[in-house]
Amino acid sequence: MNPARRSITKFNTKKSIDKVIPKSFHKWTLSVGGKKYSWNNDMERIGIARQGLPYDVIEEISRKIDRPVKAVLTAIDIPQTTYNKKKKEHSLLERKDSELVLLINELVDYGVEVFNQEEEKFQRWLKKPNQSLGGNIPDSMLDTVSGINEIKYALNRIEFGNLA
């Protein structure tokens, strides 16, 4: 065959991505009020955040981090009265609040995994000052995406034995 006449195959993006992404990457889930939300990557998380989560999710996160609902409301910056009203109306959280809740959920799942499925140990760790976080208490940093990322980095160091 003449080299100039070779057929050109269209680049298959999905096939290329499938080669790179490990088959066993994490699938995150969150169940609220009988509805299950699940996502595998940032794009799917964005989709869920854009749709909004029900206000009931705050109670689920409160249970997962073993903190009162009021502490979760403070982290997400929602007044108690607004929460009570919106929950009664079966409203949805705003996009940014939904995303923060999803990130906290991911963090908790990762933390429990790092602590070998021992939720109580992880919850104790969340409540103690941490040198790798500049002496801050991890659960005091759940109010920002940057704080959540720093906690993830600290957990990553624990997981791989690099505490410096």
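A. Spotlight on the packing of aromatic side chains. Evaluation of the coordinates by the stated rule reveals 4 aromatic pairs. Taking 5.9 Å as the distance between ring centres and 50° as the angle between the ring planes, the aromatic pair formed by Phe-115 and Phe-122 counts as tilted. Take Phe-115 and Phe-122: they sit in the same class, and that class is buried.

B. Structural detail: the side chain of Arg-45. Within the secondary structure layout, Arg-45 lies in helix H2 (residues 42-51). For Arg-45, a relative accessible area of 8% translates into the label buried. Separated by 2.6 Å, the side chains of Arg-45 and Asp-42 make a polar contact. Here the side chain of Arg-45 touches Glu-106 through a polar contact of 2.8 Å, side chain to side chain. With near-sequence residues (within four places) excluded, Arg-45 lies in contact with Trp-39, Glu-99, Leu-102, Leu-103 and Glu-106.

C. Seen up close, the environment of Asn-41. Residue placement: Asn-41 occurs in the loop between strand E2 (35-39) and H2. On the basis of relative accessibility, which here comes to 34%, the residue Asn-41 falls in the partly exposed class. When the C-alpha atoms of Asn-41 and Trp-28 are compared, they prove to be 8.5 Å apart, with 13 residues separating the residues in sequence.

D. Expanded view of the nonpolar core. Leu-30, Leu-53, Ile-58 and Leu-155 are the most contacted members of the largest nonpolar core, which totals 40 residues. Elements that contribute at least two residues to this core include exactly strand E1 (28-32), E2, H2, helix H3 (57-65), helix H4 (69-76), helix H6 (95-114), helix H7 (119-126) and helix H8 (145-159). Looking at which element gives the most residues to this core, the answer is H6, with 10 residues. Ignoring any residue separated from it by four or fewer positions in sequence, one finds Leu-53 in contact with Leu-30, Tyr-37, Ile-48, Ser-91, Leu-92, Leu-93, Ser-98, Val-101 and Leu-102.

E. Here's a closer look at the pattern of salt bridges. Evaluated as defined, the whole model comprises 12 salt bridges. Its salt-bridge partner being Lys-85, residue Glu-89 comes within 3.9 Å of it at the nearest N-O pair. Since its relative accessible area comes to 44%, Glu-89 is described here as partly exposed. Among the charged side chains, a salt-bridge network with shared partners connects Asp-42, Arg-45, Glu-99, Glu-106 and Lys-152.

F. The arrangement of H8 in detail. With 15 residues, H8 extends 21 Å from end C-alpha to end C-alpha; this agrees with the ideal 21 Å at 1.5 Å per step. When we look at burial in H8, the residues that qualify are Gly-147, Ile-148, Ile-151, Lys-152, Ala-154, Leu-155 and Arg-157. Next to the buried residues of H8 lie H6 and H7. Looking one or two residues past H8, Gly-161 carries a phi angle of roughly 75°, positive in sign.

G. Layout of the packing of H6 against H8. It is the contact of H6 with H8, at a shortest axis distance of 10 Å, that shows an interaxial angle of 10°. As summarised for this structure, H6 and H8 are arranged roughly parallel, according to the angle between their axes. The way H6 lies across H8 gives a crossing that is left-handed. Contacts from Leu-100, Leu-103, Ile-104, Glu-106, Leu-107, Tyr-110, Gly-111, Glu-113 and Val-114 of H6 reach H8 at Val-145, Ile-148, Ile-151, Lys-152, Leu-155, Asn-156, Ile-158 and Glu-159. For the contact of H6 with H8, the residue count by class is 11 nonpolar, 2 polar and 4 charged.

Thresholds applied
Residues numbered from 1 in each chain as written. Predicted model: local features only at pLDDT ≥ 70, side-chain atom pairs only at ≥ 80, totals over all residues. Heavy atoms only, no water. Phe/Tyr/Trp six-rings, centres within 6.5 Å; stacked < 30°, edge-to-face > 60°. Buried < 20%, exposed > 50% of the residue type's maximum accessible area, 1.4 Å probe, protein only. Helix = DSSP H or I, 4+ residues; strand = E, 2+ residues; numbered from the N terminus. Polar contact = N/O pair within 3.5 Å; in protein donor to acceptor, adjacent residues only side chain to side chain. Contact = heavy atoms within 4.5 Å. Core = buried A, V, L, I, M, F, W, Y, C linked by side-chain atoms within 4.5 Å. Salt bridge = Lys/Arg side-chain N within 4 Å of Asp/Glu carboxyl O. Expected span 1.5 Å × (residues − 1). Axes fitted to C-alpha atoms, helices over the stretch in contact; angles between N-to-C directions. Parallel < 35°, antiparallel > 145°, perpendicular 65-115°, else oblique. Left-handed = near helix turned anticlockwise from the far one by under 90°. Nonpolar A, V, L, I, M, F, W, Y, C, P; charged D, E, K, R; others polar.

Don't take any of this as a statement about function, it's just geometry.
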